[in-house]
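Geometric and topological summary
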Amino acid sequence: MAHVTMEDVAREAGVSRALVSIAFRDVAGVSPATKQSIFDAAKRIGYRHNVMAARLASRRTNTIGMFIPDLRNTVIPDIYEGVREAADAAAQQLVIAVSSADGQRDRAAIEELMGVQVDISVVPGCVLPSRELLELAASRPMVIATREVRGLDSVLSDPVRGSMLVVQHLIELGHTRIAHIAPPHGNVFHQRADAYADAMRRARLEPHVVHCGYHQSEAAAVAGELLDAAKPPTAIFANNDVAALGVLDAMAARGLRAPDDVSVVGYDNTPTSALPGISLTTVDQQAHRMGLLAAETAIRRIQDPHAAPVVRILDPTLIVRASSGPPPK
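1. Some remarks on helix α7 (residues 130-137)
- Within α7, burial applies to E132, L133, L136 and A137. Seen end-on, α7 carries its buried residues on one side only, within an arc spanning 135 degrees.
- Buried residues along α7 sit against α6 (106-115) and β4 (142-145).

Below, the structure written as C-alpha coordinates:
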(Lines give C-alpha, C1' and ligand atoms only; values in the text may rest on other atoms or scores of the structure.)
Protein backbone atom coordinates (compact mmCIF):
# COMPACT_ATOMS: atom_id res chain seq x y z
CA MET A 1 0.00 0.00 0.00
CA ALA A 2 1.42 3.40 -0.99
CA HIS A 3 2.37 5.84 1.76
CA VAL A 4 -0.25 8.56 2.07
CA THR A 5 1.28 12.04 2.22
CA MET A 6 0.18 15.54 3.12
CA GLU A 7 0.08 16.32 -0.62
CA ASP A 8 -2.52 13.55 -1.04
CA VAL A 9 -4.64 15.14 1.67
CA ALA A 10 -4.37 18.52 -0.07
CA ARG A 11 -5.59 17.04 -3.38
CA GLU A 12 -8.45 15.20 -1.66
CA ALA A 13 -9.57 18.33 0.22
CA GLY A 14 -8.99 20.68 -2.75
CA VAL A 15 -6.63 22.98 -0.82
CA SER A 16 -2.91 23.75 -0.81
CA ARG A 17 -0.38 21.61 1.01
CA ALA A 18 0.59 24.67 3.10
CA LEU A 19 -2.99 24.96 4.34
CA VAL A 20 -3.01 21.27 5.31
CA SER A 21 0.23 21.75 7.24
CA ILE A 22 -1.19 24.77 9.08
CA ALA A 23 -4.34 22.82 9.97
CA PHE A 24 -2.44 19.89 11.45
CA ARG A 25 -0.08 22.16 13.37
CA ASP A 26 -3.12 23.90 14.87
CA VAL A 27 -1.81 27.31 13.85
CA ALA A 28 -4.16 30.26 13.33
CA GLY A 29 -5.13 30.97 9.73
CA VAL A 30 -7.54 28.17 8.86
CA SER A 31 -11.29 28.50 9.37
CA PRO A 32 -12.96 25.80 11.49
CA ALA A 33 -14.95 24.60 8.48
CA THR A 34 -11.87 24.28 6.26
CA LYS A 35 -9.93 22.58 9.03
CA GLN A 36 -12.72 20.04 9.47
CA SER A 37 -12.85 19.34 5.73
CA ILE A 38 -9.08 18.73 5.76
CA PHE A 39 -9.38 16.32 8.70
CA ASP A 40 -12.27 14.52 6.99
CA ALA A 41 -10.24 14.16 3.79
CA ALA A 42 -7.28 12.80 5.77
CA LYS A 43 -9.53 10.23 7.41
CA ARG A 44 -11.02 9.13 4.09
CA ILE A 45 -7.66 8.37 2.50
CA GLY A 46 -6.04 6.97 5.66
CA TYR A 47 -3.53 9.74 6.38
CA ARG A 48 -1.99 9.68 9.86
CA HIS A 49 -0.18 12.83 10.90
CA ASN A 50 3.19 12.23 12.56
CA VAL A 51 2.93 14.71 15.43
CA MET A 52 6.38 14.01 16.84
CA ALA A 53 8.12 14.39 13.50
CA ALA A 54 6.38 17.71 12.90
CA ARG A 55 7.39 18.96 16.32
CA LEU A 56 11.00 17.88 15.86
CA ALA A 57 11.08 19.75 12.57
CA SER A 58 10.07 22.91 14.41
CA ARG A 59 12.68 22.16 17.14
CA ARG A 60 9.94 22.04 19.74
CA THR A 61 8.22 18.82 20.80
CA ASN A 62 5.75 20.23 23.36
CA THR A 63 6.92 17.35 25.55
CA ILE A 64 8.07 17.37 29.16
CA GLY A 65 10.25 14.54 30.39
CA MET A 66 9.86 13.23 33.93
CA PHE A 67 12.55 11.33 35.77
CA ILE A 68 11.19 8.66 38.14
CA PRO A 69 13.78 7.59 40.75
CA ASP A 70 12.06 4.38 41.81
CA LEU A 71 8.61 2.92 41.14
CA ARG A 72 8.43 1.73 44.75
CA ASN A 73 8.97 5.21 46.18
CA THR A 74 5.40 6.01 47.14
CA VAL A 75 5.82 9.80 47.30
CA ILE A 76 6.66 9.94 43.57
CA PRO A 77 3.06 9.31 42.37
CA ASP A 78 1.97 12.47 44.22
CA ILE A 79 4.71 14.49 42.49
CA TYR A 80 3.79 12.87 39.17
CA GLU A 81 0.13 13.84 39.55
CA GLY A 82 1.14 17.46 40.05
CA VAL A 83 3.38 17.38 36.98
CA ARG A 84 0.65 15.69 34.94
CA GLU A 85 -1.94 18.28 35.99
CA ALA A 86 0.22 21.21 34.88
CA ALA A 87 1.29 19.44 31.67
CA ASP A 88 -2.32 18.71 30.69
CA ALA A 89 -3.33 22.31 31.38
CA ALA A 90 -0.56 23.51 29.04
CA ALA A 91 -1.23 20.85 26.36
CA GLN A 92 2.18 19.28 26.94
CA GLN A 93 2.86 15.58 26.48
CA LEU A 94 4.65 13.74 29.27
CA VAL A 95 7.41 11.15 28.75
CA ILE A 96 8.77 9.10 31.67
CA ALA A 97 12.13 7.42 32.29
CA VAL A 98 12.63 5.24 35.37
CA SER A 99 15.83 4.90 37.37
CA SER A 100 16.60 2.46 40.21
CA ALA A 101 16.32 2.75 43.99
CA ASP A 102 20.10 2.78 44.46
CA GLY A 103 20.57 5.64 41.99
CA GLN A 104 22.79 3.62 39.65
CA ARG A 105 20.56 4.35 36.63
CA ASP A 106 19.99 8.04 37.37
CA ARG A 107 22.24 9.40 34.62
CA ALA A 108 21.04 6.80 32.10
CA ALA A 109 17.38 7.66 32.80
CA ILE A 110 17.98 11.39 32.27
CA GLU A 111 19.90 10.69 29.07
CA GLU A 112 16.98 8.55 27.86
CA LEU A 113 14.71 11.60 28.19
CA MET A 114 17.18 13.73 26.28
CA GLY A 115 17.39 11.03 23.62
CA VAL A 116 13.68 11.35 22.82
CA GLN A 117 14.11 15.12 22.44
CA VAL A 118 11.91 16.38 25.27
CA ASP A 119 11.90 20.16 25.56
CA ILE A 120 12.75 20.00 29.27
CA SER A 121 12.83 17.44 32.09
CA VAL A 122 11.44 17.51 35.63
CA VAL A 123 13.85 15.60 37.85
CA PRO A 124 12.73 14.64 41.40
CA GLY A 125 14.66 12.39 43.76
CA CYS A 126 17.86 12.22 41.71
CA VAL A 127 21.02 11.44 43.73
CA LEU A 128 23.52 12.52 41.07
CA PRO A 129 26.00 15.18 42.25
CA SER A 130 25.07 18.75 41.36
CA ARG A 131 28.07 18.94 39.03
CA GLU A 132 26.73 16.11 36.86
CA LEU A 133 23.24 17.59 36.75
CA LEU A 134 24.66 20.94 35.61
CA GLU A 135 26.62 19.14 32.88
CA LEU A 136 23.49 17.34 31.67
CA ALA A 137 21.42 20.54 31.78
CA ALA A 138 23.92 22.24 29.49
CA SER A 139 22.56 20.19 26.56
CA ARG A 140 18.89 20.00 27.56
CA PRO A 141 17.23 22.11 30.32
CA MET A 142 15.79 20.56 33.46
CA VAL A 143 13.94 21.52 36.62
CA ILE A 144 15.11 19.83 39.81
CA ALA A 145 12.49 18.78 42.36
CA THR A 146 12.91 17.67 46.02
CA ARG A 147 16.36 19.34 46.26
CA GLU A 148 18.16 22.51 45.24
CA VAL A 149 20.88 22.61 42.60
CA ARG A 150 22.45 26.04 42.31
CA GLY A 151 22.30 27.28 38.74
CA LEU A 152 19.17 25.28 37.88
CA ASP A 153 15.47 25.88 38.49
CA SER A 154 14.64 24.01 41.70
CA VAL A 155 11.43 23.26 43.60
CA LEU A 156 11.64 21.62 47.00
CA SER A 157 10.16 21.31 50.45
CA ASP A 158 12.45 22.69 53.16
CA PRO A 159 14.32 19.59 54.48
CA VAL A 160 15.80 21.43 57.45
CA ARG A 161 12.41 22.64 58.62
CA GLY A 162 10.94 19.16 58.17
CA SER A 163 13.53 17.45 60.35
CA MET A 164 13.32 20.13 63.01
CA LEU A 165 9.55 19.62 63.24
CA VAL A 166 10.06 15.91 63.90
CA VAL A 167 12.75 16.35 66.56
CA GLN A 168 10.77 19.12 68.28
CA HIS A 169 7.65 16.93 68.35
CA LEU A 170 9.49 13.96 69.88
CA ILE A 171 11.31 16.07 72.46
CA GLU A 172 8.05 17.71 73.52
CA LEU A 173 6.65 14.21 74.07
CA GLY A 174 9.53 13.54 76.45
CA HIS A 175 11.93 11.52 74.30
CA THR A 176 15.68 11.89 74.83
CA ARG A 177 16.97 8.80 72.95
CA ILE A 178 15.96 9.53 69.36
CA ALA A 179 17.65 7.68 66.48
CA HIS A 180 17.56 8.65 62.82
CA ILE A 181 17.71 6.21 59.88
CA ALA A 182 19.07 7.70 56.63
CA PRO A 183 20.30 6.42 53.24
CA PRO A 184 24.07 6.39 52.64
CA HIS A 185 23.86 9.08 49.95
CA GLY A 186 21.48 11.64 48.52
CA ASN A 187 21.67 15.41 48.95
CA VAL A 188 18.26 15.90 50.53
CA PHE A 189 18.70 12.94 52.91
CA HIS A 190 22.00 14.40 54.11
CA GLN A 191 20.28 17.72 54.76
CA ARG A 192 17.55 16.00 56.78
CA ALA A 193 20.14 14.03 58.77
CA ASP A 194 22.25 17.13 59.43
CA ALA A 195 19.19 19.10 60.55
CA TYR A 196 18.17 16.24 62.87
CA ALA A 197 21.67 16.19 64.41
CA ASP A 198 21.71 20.00 64.84
CA ALA A 199 18.29 19.96 66.53
CA MET A 200 19.40 17.20 68.89
CA ARG A 201 22.58 19.04 69.87
CA ARG A 202 20.66 22.26 70.48
CA ALA A 203 18.52 20.30 72.91
CA ARG A 204 21.73 18.93 74.48
CA LEU A 205 20.91 15.42 73.32
CA GLU A 206 23.21 12.95 71.57
CA PRO A 207 22.41 12.39 67.85
CA HIS A 208 22.41 8.79 66.63
CA VAL A 209 22.36 8.43 62.84
CA VAL A 210 22.46 4.98 61.23
CA HIS A 211 22.48 4.27 57.52
CA CYS A 212 20.57 1.75 55.44
CA GLY A 213 19.64 1.14 51.80
CA TYR A 214 16.50 2.34 50.10
CA HIS A 215 14.30 -0.73 50.58
CA GLN A 216 11.89 -1.48 53.41
CA SER A 217 13.68 -4.74 54.27
CA GLU A 218 17.01 -2.92 54.63
CA ALA A 219 15.44 -0.40 57.00
CA ALA A 220 13.95 -3.29 58.99
CA ALA A 221 17.39 -4.90 59.41
CA VAL A 222 18.97 -1.65 60.65
CA ALA A 223 16.02 -0.94 62.95
CA GLY A 224 16.36 -4.44 64.38
CA GLU A 225 19.92 -3.67 65.43
CA LEU A 226 18.77 -0.47 67.12
CA LEU A 227 15.97 -2.26 68.98
CA ASP A 228 18.28 -5.08 70.11
CA ALA A 229 20.85 -2.70 71.60
CA ALA A 230 21.46 -2.65 75.35
CA LYS A 231 19.96 0.84 75.51
CA PRO A 232 17.58 1.11 72.54
CA PRO A 233 16.07 4.40 71.37
CA THR A 234 12.61 5.30 72.58
CA ALA A 235 11.87 6.98 69.21
CA ILE A 236 13.05 6.37 65.65
CA PHE A 237 12.83 9.03 62.94
CA ALA A 238 13.03 7.42 59.48
CA ASN A 239 14.15 9.29 56.37
CA ASN A 240 10.93 8.40 54.54
CA ASP A 241 7.71 6.45 55.03
CA VAL A 242 9.11 3.33 53.32
CA ALA A 243 11.91 3.16 55.88
CA ALA A 244 9.40 3.83 58.67
CA LEU A 245 7.40 0.80 57.54
CA GLY A 246 10.61 -1.20 57.83
CA VAL A 247 10.97 0.01 61.42
CA LEU A 248 7.42 -1.11 62.17
CA ASP A 249 8.22 -4.53 60.61
CA ALA A 250 11.24 -4.93 62.91
CA MET A 251 9.14 -3.95 65.92
CA ALA A 252 6.37 -6.41 65.03
CA ALA A 253 8.94 -9.21 64.74
CA ARG A 254 9.96 -8.48 68.34
CA GLY A 255 6.48 -8.14 69.74
CA LEU A 256 6.81 -4.35 70.10
CA ARG A 257 4.16 -1.75 69.32
CA ALA A 258 4.22 1.91 68.37
CA PRO A 259 4.00 4.14 70.30
CA ASP A 260 3.72 2.05 73.51
CA ASP A 261 7.25 0.69 73.22
CA VAL A 262 8.91 2.91 70.59
CA SER A 263 7.59 5.95 68.73
CA VAL A 264 8.09 5.96 64.96
CA VAL A 265 8.02 8.97 62.62
CA GLY A 266 8.39 8.90 58.84
CA TYR A 267 8.68 11.48 56.08
CA ASP A 268 6.57 12.11 52.93
CA ASN A 269 2.97 11.57 54.13
CA THR A 270 2.35 8.84 51.57
CA PRO A 271 -1.15 7.30 51.26
CA THR A 272 0.08 4.19 53.08
CA SER A 273 1.01 6.21 56.14
CA ALA A 274 -2.63 7.21 56.66
CA LEU A 275 -4.03 3.66 56.65
CA PRO A 276 -5.84 2.88 59.93
CA GLY A 277 -3.60 -0.07 60.76
CA ILE A 278 -0.46 2.03 60.34
CA SER A 279 -1.43 5.59 61.30
CA LEU A 280 2.13 6.87 60.90
CA THR A 281 3.21 10.27 62.14
CA THR A 282 5.05 11.82 59.20
CA VAL A 283 6.11 15.00 57.44
CA ASP A 284 4.01 16.26 54.54
CA GLN A 285 6.29 17.95 52.03
CA GLN A 286 3.41 18.98 49.70
CA ALA A 287 4.46 16.51 47.00
CA HIS A 288 1.54 17.21 44.66
CA ARG A 289 2.10 20.96 44.81
CA MET A 290 5.82 20.41 44.32
CA GLY A 291 5.13 18.53 41.10
CA LEU A 292 2.67 21.19 39.94
CA LEU A 293 5.13 24.03 40.57
CA ALA A 294 8.00 22.07 38.97
CA ALA A 295 6.01 21.56 35.76
CA GLU A 296 4.85 25.19 35.71
CA THR A 297 8.46 26.27 36.19
CA ALA A 298 9.48 23.98 33.32
CA ILE A 299 6.89 25.50 30.99
CA ARG A 300 8.08 29.01 31.85
CA ARG A 301 11.67 27.92 31.19
CA ILE A 302 10.67 26.70 27.71
CA GLN A 303 9.04 30.05 27.01
CA ASP A 304 11.98 32.08 28.35
CA PRO A 305 15.20 30.01 28.07
CA HIS A 306 17.45 32.85 29.21
CA ALA A 307 15.65 33.80 32.44
CA ALA A 308 17.59 33.54 35.71
CA PRO A 309 17.09 30.23 37.57
CA VAL A 310 14.45 30.27 40.30
CA VAL A 311 14.31 28.37 43.58
CA ARG A 312 10.88 27.71 45.10
CA ILE A 313 10.83 26.33 48.64
CA LEU A 314 7.65 24.91 50.19
CA ASP A 315 6.94 24.72 53.91
CA PRO A 316 6.54 21.14 55.21
CA THR A 317 4.05 20.30 57.95
CA LEU A 318 4.07 17.56 60.58
CA ILE A 319 1.09 15.18 60.42
CA VAL A 320 0.71 13.71 63.91
CA ARG A 321 -0.93 10.28 64.04
CA ALA A 322 -0.96 7.30 66.38
CA SER A 323 2.62 6.06 65.91
CA SER A 324 4.17 8.71 68.16
CA GLY A 325 3.57 9.25 71.85
CA PRO A 326 5.38 9.68 75.17
CA PRO A 327 8.28 7.30 75.89
CA PRO A 328 7.53 4.19 77.99
CA LYS A 329 8.00 4.69 81.71
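2. Focus: the nonpolar core
- Formed by 25 residues in total, the largest nonpolar core has its most connected members in I64, I79 and V83.
- Sorting elements by how many residues they give to this core places helix α12 (residues 287-303) first, with 9 residues.
- Setting aside anything within four residues of it in sequence, one finds I64 in contact with A87, Q92, Q93, L94, V95, V118, I120, V122 and I299.

3. Digging into the packing of helix α1 (residues 6-13) against helix α3 (residues 32-45)
- At a minimum axis separation of 9 Å, α1 and α3 run at an interaxial angle of 115 degrees. The pairing of α1 with α3 is recorded here as roughly perpendicular in orientation. As for the relative orientation of α1 and α3, their crossing is right-handed in sense. In this structure, α1 contributes D8, V9, E12 and A13 to the contact, and α3 contributes S37, I38, A41, A42, R44 and I45.

4. Points about the packing of helix α8 (residues 159-173) against helix α9 (residues 187-202)
- The interhelical angle for the contact between α8 and α9, taken along N-to-C directions, is 45 degrees, at an axis separation of 8 Å. Taken as axis vectors, α8 and α9 run oblique relative to one another. In this structure, α8 crosses over α9, and the sense of that crossing is right-handed. Counted together, P159, V160, S163, M164 and V167 of α8 and V188, Q191, R192, A195, Y196, A199, M200 and R202 of α9 form the full contact between these two elements.
- Of the residues in the contact of α8 with α9, the class split is 9 nonpolar, 2 polar and 2 charged.

5. Let's talk about the side chain of R301
- Mapped onto the elements, R301 comes out in helix α12.
- In terms of polar contacts, R301 uses its side chain to reach the backbone carbonyl oxygen of A308, at 3.4 Å.

6. Concerning the pairing of strand β8 (residues 235-238)
- The two faces of β8 match: A235 and F237 on one face and I236 and A238 on the other face are all buried.
- With 4 bridges joining them, strand β6 (residues 178-182) and β8 adopt parallel strand pairing. Within β8, the residue paired with I178 across the bridge is A235.
- By the bridge criterion, 3 bridges tie β8 to strand β9 (residues 263-265) in an arrangement that is parallel. Among the inter-strand pairings, F237 is bridged to a residue of β9, identified as V265.
- Read from β8 through helix α11 (residues 241-253) to β9, the crossover connection turns out right-handed.

7. Quick look at the pattern of salt bridges
- Per the stated rule, a full pass over the model turns up 12 salt bridges.
- In this structure, E12 engages R44 in a salt bridge whose closest nitrogen and oxygen atoms are separated by 3.1 Å. With a gap of 32 residues between them, E12 in helix α1 and R44 in helix α3 connect regions that are remote in the sequence.
- For R44, a relative accessible area of 54% translates into the label exposed.
- Among the ionic pairs, R107 bridges to E132, the shortest N-O distance being 2.9 Å. Of this pair, R107 sits in helix α6 while E132 sits in helix α7; the two residues are 25 residues apart in sequence, bridging distant segments of the chain.
- Each member of the salt-bridge network shares a partner with another, and the members are R107, E111 and E132.

8. As for unusual backbone geometry
- Here the bond from A258 into P259 is cis, since omega is 5 degrees, no more than 30 degrees from zero.
- Considering the arrangement of structural elements, one finds P259 in the loop between α11 and β9.
- One non-glycine residue, A91, adopts positive backbone phi at about 55 degrees.
- The class of A91 is exposed, set by a relative accessible area of 57%.
- One non-glycine residue, Q117, lies in positive phi territory at about 65 degrees.
- In this fold, Q117 is placed in the loop between α6 and β3 (120-124).
- The partly exposed category is assigned to Q117, whose relative accessible area is 32%.

Conventions and cut-offs
Residue positions are counted from 1 within each chain, in the order its sequence is given. Totals for whole chains, interfaces and linings use all residues, but because this is a predicted model, local features are given only for residues with pLDDT of at least 70 and pairs of side-chain atoms are given and counted only at 80 or more. The side-chain figures draw on all heavy atoms in the structure; neither hydrogens nor water molecules are used. Burial classification: accessible surface area is computed with a 1.4 Å probe over protein chains only, and a residue below 20% of its type maximum counts as buried, one above 50% as exposed, and the rest as partly exposed. Numbered from the N terminus, helices here are DSSP runs of H or I no shorter than four residues, and strands are runs of E no shorter than two. When we speak of the arc, we mean the arc of directions from the helix axis to the C-beta atoms. Two residues qualify as a contact provided that any one of their heavy atoms is within 4.5 Å of a heavy atom in the partner residue. Here, the term nonpolar core denotes a set of buried Ala, Val, Leu, Ile, Met, Phe, Trp, Tyr and Cys residues that are joined through side-chain atoms within 4.5 Å. Working convention: axes come from line fits to C-alpha atoms, limited for helices to the stretch in contact. Angles between N-to-C directions cover 0 to 180 degrees. Roughly parallel covers angles under 35 degrees, roughly antiparallel covers those over 145, roughly perpendicular covers 65 to 115, and oblique covers all other angles. A clockwise turn of the near helix away from the far one marks a right-handed crossing, whereas an anticlockwise turn of less than a right angle marks a left-handed crossing. Only Asp, Glu, Lys and Arg are considered charged in this grouping, and only Ala, Val, Leu, Ile, Met, Phe, Trp, Tyr, Cys and Pro are considered nonpolar; every other residue, Gly among them, is considered polar. Residues adjacent in sequence count toward polar contacts only when both atoms are side-chain atoms; beyond that, a polar contact is any pair of N or O atoms within 3.5 Å, and within protein one must be able to donate a hydrogen and the other to accept it. The pairing criterion for strands is at least two bridges between them, as found by DSSP. For crossovers, right-handed means that the path from the first strand over the helix to the second runs clockwise, given strands pointing away from the viewer. Any carboxyl oxygen of Asp or Glu that lies within 4 Å of a side-chain nitrogen of Lys or Arg is treated as forming a salt bridge with it.

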